[in-house]
Amino acid sequence: MSLLEQTLNNRRKKHNQSRWYTKELKSLLGNTWAMFYAILGGRMTGKSYALMDYLCNQKRKKQDQCKLYWMRISETSTKFMLANKAEKLVDPDLVRKYRLELSTKGMNVYDRGKMFMQVMPLSAMGKLKGNAFFDKDYTGEIIIVLDEFQLEQGEKRTSFDILYNFIGMIENIARTTKNKIRIFLIGNTLEEASGILKAFNFLPEGFGRFYLKRKRCIIDNIEPTEEYLKDRKGSAADILGGNEMSNYTNELKKDLSLICKQRLTTPSYLIKFGKTKQNMFIVWDGNIITRYKGQAIKSSVAMKPYLDDRYNPERRQTVIDIFDAQGYKFDTLITLSYFQGELQKVRK
Amino acid sequence: MSKYKKSRRGRTLVSKSGKLNASNKKNIDAFKNEIMSSKEYTDAEKRGLIADLNIIIKQRMKDGKKLTTTGFFGELASDKIERMLVNAGYSIEEASEELGVSEAELLDMKNWSGDKFTHAKDTWLFSFKYTGAAFTKI
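Being a predicted model, the structure only gives us computed values, none of them experimental. (Residues numbered from 1 in each chain as written. Chains lettered and ligands numbered in written order. Predicted model: local features only at pLDDT ≥ 70, side-chain atom pairs only at ≥ 80, totals over all residues. Heavy atoms only, no water.)

Visitor: So what exactly am I meant to see when it comes to the overall build of chain B here?
Guide: Scanning chain B from terminus to terminus reveals six helices and six strands. When the helices and strands of chain B are listed from N to C terminus, the series reads β-α-α-β-α-α-α-α-β-β-β-β. Within chain B, buried positions represent 36% of all 138 residues. Taking all contacts inside chain B whose residues are at least 6 apart in sequence as the whole, residues at least 24 apart take part in 41%. (Helix = DSSP H or I, 4+ residues; strand = E, 2+ residues; numbered from the N terminus. Buried < 20%, exposed > 50% of the residue type's maximum accessible area, 1.4 Å probe, protein only. Contact = heavy atoms within 4.5 Å.)

Encoded structure:
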């Protein structure tokens, strides 16, 4: 065995052994230029645990110079976390490690009477708007965590736009802060990508760490380790769900056959789902869809009424039929994801 | 037969005082190609190793220190004994074959005292020799 093979074997062994996310989080945090840290992984990799450990550590070190916010999508889950002196918020071994004595009042969690963390639901964004979260004289660090930001399959779709509410929440807390702010997004990879992930205009098609410098974002798509897969084999969840469930395998399943990278020449027509450019798509050469960037085009199809355009139910149905028959191709996976999302909204 | 052994130091990637000359650059490119051509490993694994190589090269240039291919592998070794063997130019398999001991025995800290390795009443001294030999039987 050569030295190269020995080194690569050692690295592979080490990777397979490092089942828990704690070490990876340290290397992730080394990227100080980033503001958003999206951590996607199968279940039981210790994502939330590693992050909670980091938060407790930061709070202990910096005390008043560190504000912590833990968010969940729905109010039910935050209530569940805050119940019984925030019993389900911090893991019991971390409570012992950092000698926490937690108590709660409303959304606030206190440690020995001192502010520890605020636990907020995204659904309450409207109600929390205008509250004095932001302190202009505060010079410390702000850490925001949005846990379980991808809705589970079969979980009731929210009546609000998650991305819009999340932006609203960040605006409430941090206003225009650009430095000393870290926003963590934790979730499982599901068949469907969430709105927040789509907002970065990037979907991880493979495992690994993706650096989006312009968006100040790092997406860490964690590959399940051999140890985890070995551990999971034969468990109750494995017997019932098999090894195909993506929130365990962490695989983003998308049909890449609909992606077309050919050169686009003639714009055919515009498909409108809303009044803004973000909700419009342009069809090139008869069947290739890209996102609309303000190109001059005469023909358009309004997918719903009141868009200041002619609404023809038959033309709308034609677009849906072509999509269902996989007649459209897309320039990127992200366009496909956006288009599919808009179409689902229209079809309700 | 010459008493000198072939050098196991490997190719120079960064020269003395942290300088990077044309031949170093050529060596780096060749080394990266060598890493990418190994078939048993995934692309991510190979790219990860190359990323580490780039970081170590930058660091050595900053510190003004020399780096060779064996030195690079030594830096990534998982424990002290392995690092010493790798820096001497040996993989664990090669060293254990030459010494006639098993890999586990070679990596066992109990068999070591300083730079001396003892196994079944035989002792080998691991120290630098101008002849190129990594170890000599005492």
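Visitor: Please explain the confidence of the model for chain B as it appears in this structure.
Guide: Detailed reading of the predicted coordinates is not advisable wherever pLDDT falls low. Residues and elements named next belong to chain B. Of the residues in chain B, 99% have a pLDDT of 70 or more, and the chain-wide mean is 86. When the elements of chain B are averaged for pLDDT, strand S6 (residues 135-137) gives the smallest value, 80, and strand S1 (residues 12-14) the largest, 94. Across the interface, the model reports ipTM at 0.85; the global pTM reads 0.65. (pLDDT = per-residue confidence, 0-100.)

Visitor: What am I meant to see in the sheet that holds strand S5 (residues 122-126) of chain B here?
Guide: One key point about sheets: their strands pair by backbone hydrogen bonds, in either a parallel or an antiparallel sense. Residue and element names in this part refer to chain B. The strand order S3-S4-S5-S6 describes an open sheet built from four strands, whose pairing is antiparallel. Strands with a single pairing partner mark the edges of an open sheet, and in this sheet they are strand S3 (112-113) and S6. With four bridges connecting them, strand S4 (residues 116-119) and S5 associate as antiparallel partners. Bridge pairing in S5 places phenylalanine 117 opposite tryptophan 124. (Pairing = 2+ DSSP bridges.)

Visitor: Please explain the environment of arginine 209 of chain A as it appears in this structure.
Guide: Residue and element names in this part refer to chain A. Residue placement: arginine 209 occurs in strand S8 (residues 208-212). Counting along the chain gives 181 residues from arginine 209 to leucine 28, while the straight-line C-alpha distance between them is 8.9 Å. With residues up to four places along the chain from it excluded, the contact list for arginine 209 reads Tyr21, Glu24, Ser27, Leu28, Ile218, Ile219 and Asp220. At a separation of 3.0 Å, a polar atom in the side chain of arginine 209 contacts the side chain of serine 27. Polar contacts involving the side chain of arginine 209 include one to the side chain of aspartate 220, which spans 2.9 Å. (Polar contact = N/O pair within 3.5 Å; in protein donor to acceptor, adjacent residues only side chain to side chain.)

Visitor: How should I be thinking about the interface of chain A and chain B in this particular structure?
Guide: Many structure descriptions define interface size as the accessible area lost when the parts assemble. Facing twelve residues of chain A, the contacting portion of chain B comprises 21 residues. Seen at the junction of chain A and chain B, the total is one salt bridge. Among the ionic pairs, arginine 11 of chain A bridges to aspartate 52 of chain B, the shortest N-O distance being 2.6 Å. The residue makeup of the side of chain A that touches chain B, split by class, is four nonpolar, five polar and three charged. (Salt bridge = Lys/Arg side-chain N within 4 Å of Asp/Glu carboxyl O. Nonpolar A, V, L, I, M, F, W, Y, C, P; charged D, E, K, R; others polar.)

Visitor: How should the pattern of salt bridges be read in this particular structure?
Guide: Two side chains with opposite charge may pair up if their charged atoms get near one another. Residues and elements named next belong to chain A. Scanning the model with the defined rule gives 15 salt bridges over all chains in all. For the salt bridge of aspartate 53 with lysine 97, the shortest nitrogen-to-oxygen distance reads 3.3 Å. Of this pair, aspartate 53 sits in helix H3 (residues 47-62) while lysine 97 is found in helix H5 (residues 92-97), placing the two residues 44 residues apart along the sequence. You can call aspartate 53 buried: its relative accessible area is 12%. Residue lysine 272 is joined to aspartate 309 by a salt bridge in which the shortest nitrogen-to-oxygen separation is 3.0 Å. Here lysine 272, found in strand S10 (residues 267-272), pairs with aspartate 309, found in the loop between strand S13 (300-302) and helix H12 (313-324); they are 37 residues apart in sequence, far enough to count as distant. We classify lysine 272 as buried; its relative accessible area is 14%. Aspartate 309 sits in the partly exposed class, given a relative accessible area of 26%.

Visitor: Before we go on, may I ask you to explain the nonpolar core in this structure?
Guide: One broad trend across soluble globular proteins is that nonpolar side chains are buried collectively. Residues and elements named next belong to chain A. Counting residues in hydrophobic clusters, the biggest one holds 57 residues, and the most contacted among them are Ile271 and Phe339. The dominant element in this core, judged by the number of residues it contributes, is helix H13 (residues 333-347), at seven residues. Other than its neighbours up to four places away in sequence, phenylalanine 339 contacts Ile271, Phe273, Phe281, Ile289, Val319, Phe323 and Phe330. Within the second largest apolar cluster, 35 residues are counted, among which are Tyr37, Leu51, Leu68 and Ile222. (Core = buried A, V, L, I, M, F, W, Y, C linked by side-chain atoms within 4.5 Å.)

Visitor: Is there a simple way to explain the packing of aromatic side chains in this structure?
Guide: Describing an aromatic ring pair means giving the distance of the ring centres and the angle of the ring planes. Residue and element names in this part refer to chain A. A complete count under the given rule lists 18 aromatic pairs over all chains for this structure. On the basis of an interplanar angle of 70° and a centroid distance of 5.3 Å, the ring pair of phenylalanine 36 and phenylalanine 200 is categorised as edge-to-face. Taken together, the residues span a long stretch of sequence, with phenylalanine 36 in strand S1 (residues 36-40) and phenylalanine 200 in the loop between helix H8 (195-199) and S8 at a distance of 164 residues. Both residues of the pair, phenylalanine 36 and phenylalanine 200, belong to the buried class. Among the aromatic residues, those joined into a ring-pair cluster are Phe273, Phe281, Phe323, Tyr328, Phe330 and Phe339. Lysine 213 extends its terminal NZ or CZ atom over the ring of tryptophan 33, reaching a point 5.0 Å from the ring centre. (Phe/Tyr/Trp six-rings, centres within 6.5 Å; stacked < 30°, edge-to-face > 60°. Lys NZ or Arg CZ within 6 Å of the ring centre and 35° of its normal.)

Visitor: Can you help me understand the side chain of asparagine 31 of chain A in this one?
Guide: Here asparagine 31 of chain A shows up in the loop between helix H2 (22-29) and S1. The residues contacting asparagine 31 of chain A, other than those within four sequence positions of it, are Tyr37, Arg182, Tyr211 and Ile218 of chain A.

Visitor: Would you take a moment to explain the pairing of strand S3 (residues 102-105) of chain A for this structure?
Guide: Across a regular strand the side chains alternate sides, sitting on one face of the sheet and then on the other. All names here are of chain A. Direction of pairing for S3 relative to strand S4 (residues 108-111): antiparallel, over a ladder of four bridges. Pairing of threonine 104 across the sheet is with valine 109, part of S4. Between the end of S3 and the start of S4, which pair antiparallel, lie two residues, with glycine 106 showing a positive phi angle near 65°.

Visitor: Sorry if this is basic, but what is going on with the side chain of asparagine 172 of chain A here?
Guide: All names here are of chain A. Within the element layout of this structure, asparagine 172 appears in helix H7 (residues 162-174). On the basis of relative accessible area, asparagine 172 is assigned to the buried category, the value being 3%. When sequence neighbours within four positions are dropped, the list of residues in contact with asparagine 172 reads Met125, Leu128, Lys129, Gly130, Phe133 and Phe134.

Visitor: Honestly, the sheet that holds strand S14 (residues 329-330) of chain A in this entry has me stumped. Any pointers?
Guide: Residue and element names in this part refer to chain A. Across the sheet, five strands lie side by side as S13-S10-S11-S12-S14; this open sheet has mixed pairing. A single partner strand is all that each edge strand has here, and the edge strands are S13 and S14. Strand direction decides the pairing type here: S10 and S13, joined by three bridges, are parallel. Opposite leucine 270, over in S13, you have serine 300 as the bridge partner. Across the sheet, H12 is in contact with S10, S13 and S14; its angle to S13 comes to roughly 95°. Along the sheet, H13 makes contact with S10, strand S11 (280-284), strand S12 (288-291) and S14, crossing S12 at roughly 90°. (Axes fitted to C-alpha atoms, helices over the stretch in contact; angles between N-to-C directions.)

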